[in-house]
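# Overview (structure and organization)
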Amino acid sequence: MSGIAVLLLGALLCFYGIRSVHLAVLAGGFGLGWLVANIFTATLTTLFLFALIGAVTAWIVTTLIFKFSTYLIGGLTGAMMGARTADLLQHGDKSWALSAIVVLSFAVASAFIADKYRARALLWLTSIGGASMILSGLSTTTDALEFLRTPDTSGQQVLSAVAWIALSVAGWIVQRHLFADKLGIETVASRRETGPVKN
């Protein structure tokens, strides 16, 4: 059940994240808490505790400094990408130090990218962050998919990475199509409706 909840939140962030800043902040904070605790195979209670602390903290910080919400959402989704990457790169026992460096590096880089490129960067970041949550949720639903969280072989690492990339691209395509107006993108459908531009 917990995996399904994370999967659903990840799907919201991946396919609908750019539509609502509030949703992106809450889902991003929840996902970050969950994925960081998940690196170290924490208990279900600990996972939810970290996730809730992440969501509440993200909400409070964003409420206090709403002006920097794009920066914060970029940092949160980047940290989720870092947590997922740290999980994929490490076999066996995980190193807190290496995980912290990877998560922090991704968070800082993504925050600056989001602040500079705004909606288009957030489109990618919410898709990638949401995809990592979906895979984390899927990994807890059945033993057959546990490799999505902790791949043991090189083949599982590659398969997990390919699934992450495919889901991220799917989220990007869906959000780009649904929220083209918010992104300032002219879609093929809108060009057909308006017809060719006449001089």
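Our structure's up above, just so we're on the same page.
Summary of the structure given here. (Residues numbered from 1 in each chain as written. Predicted model: local features only at pLDDT ≥ 70, side-chain atom pairs only at ≥ 80, totals over all residues. Heavy atoms only, no water.)

### Quick notes on the overall build of the protein
Definition in use: Put simply, DSSP H or I for four residues or longer makes a helix, DSSP E for two residues or longer makes a strand, and each gets a number counted from the N terminus. Throughout, exposure labels follow a simple rule: accessible area from a 1.4 Å probe, protein chains only, divided by the maximum for the residue type, with under 20% read as buried, over 50% as exposed, and the rest as partly exposed. Only heavy atoms matter for contacts: two residues are in contact if any of them lie within 4.5 Å across the pair. The protein chains shown are the only cover counted for residues, whose accessible areas, like all others here, come from Shrake-Rupley with a 1.4 Å probe.
Counting its secondary structure elements, the protein contains eight helices and zero strands. Going from the N terminus to the C terminus, the protein shows its helices and strands as α-α-α-α-α-α-α-α. Residue burial in the protein is summarised as follows: out of 199 residues, 45% are buried. A fraction of 76% describes how many contacts in the protein between residues 6 or more apart in sequence connect residues 24 or more apart. Total accessible area on the protein is roughly 10400 Å²; 70% of this is exposed by carbon and sulfur atoms.

### Comments concerning the nonpolar core
Threshold: We define the nonpolar core as a collection of buried residues of types Ala, Val, Leu, Ile, Met, Phe, Trp, Tyr and Cys that are connected through side-chain atoms lying within 4.5 Å of one another.
Counting residues in hydrophobic clusters, the biggest one holds 41 residues, and the most contacted among them are F30, W34, M133 and W164. Put simply, the parts of the chain that give this core at least two residues each are α1 (2-16), α2 (21-39), α3 (44-64), α4 (69-89) and α5 (96-139). Element by element, the count of residues in this core is highest for α5, at twelve residues.

### Focus: the packing of aromatic side chains
Given two aromatic rings, one states the distance between the centres and the angle between the planes to describe the pair. Counted only if it meets this: Aromatic pairing here means that ring centres of Phe, Tyr or Trp (its six-membered ring) are within 6.5 Å. Orientation follows from the plane angle: under 30 degrees is stacked, over 60 is edge-to-face, and everything else is tilted. In this analysis the charged atom, NZ for Lys or CZ for Arg, is taken to sit over a ring once it is within 6 Å of the ring centre and within 35 degrees of the ring normal.
In this structure the tally under the stated criterion is four aromatic pairs. Taking 5.3 Å as the distance between ring centres and 75 degrees as the angle between the ring planes, the aromatic pair formed by Y16 and F179 counts as edge-to-face. Of this pair, Y16 sits in helix α1 while F179 sits in the loop between α6 (154-178) and α7 (180-183); the two residues are 163 residues apart in sequence, bridging distant segments of the chain. One residue, R84, lies across the ring of W164, its end atom 5.8 Å from the ring centre.

### Re a nonpolar patch on the surface
To be explicit about the condition: The patches reported here contain residues having more than 30% relative accessible area and no salt bridge. Joining distances are 9 Å for like charges and 5 Å for nonpolar side chains (Val, Leu, Ile, Met, Phe, Trp, Tyr). We count a salt bridge whenever a side-chain nitrogen from Lys or Arg sits within 4 Å of a carboxyl oxygen from Asp or Glu.
Together, F68, Y71, L104, V108 and F112 make up a nonpolar patch on the protein surface, roughly 490 Å² of accessible area in all. Ranked by residues supplied to the nonpolar patch, first place goes to α5 with three residues. For Y71, the position within the fold is in helix α4.

### A closer look at the side chain of S132
Examined against the element boundaries, S132 turns out to sit in helix α5. On the basis of relative accessibility, which here comes to 0%, the residue S132 falls in the buried class.

### A closer look at α6
Put simply, the rule reads: In a helix, the anticipated span is given by 1.5 Å times the number of residues less one.
The first and last C-alpha atoms of α6 sit 36 Å apart over 25 residues, in line with the 36 Å expected at 1.5 Å per residue. Every buried residue of α6 is accounted for by Q157, S160, W164, S168, G171 and Q175.

### Thoughts on the side chain of S139
To keep things clear, this is the line we draw: N or O atoms closer than or at 3.5 Å make up a polar contact, with two conditions inside protein: a donor-capable atom paired with an acceptor-capable one, and, for residues adjacent in sequence, both atoms drawn from side chains.
The topology assignment puts S139 in helix α5. A relative accessible area of 4% places S139 in the buried class. One polar contact links the side chain of S139 to the main-chain carbonyl oxygen of S136, over a distance of 2.6 Å. What S139 contacts, discounting residues up to four positions off in sequence, is L145, E146, L148 and R149.

### Thoughts on α4
Helix length check: α4, at 21 residues, gives a terminal C-alpha distance of 30 Å against a target of 30 Å (1.5 Å per residue), a fit within 8%. Counting buried positions along α4 gives 18 out of 21 residues, so the element sits mostly inside the fold.

Any functional reading would require information beyond the geometric quantities listed.
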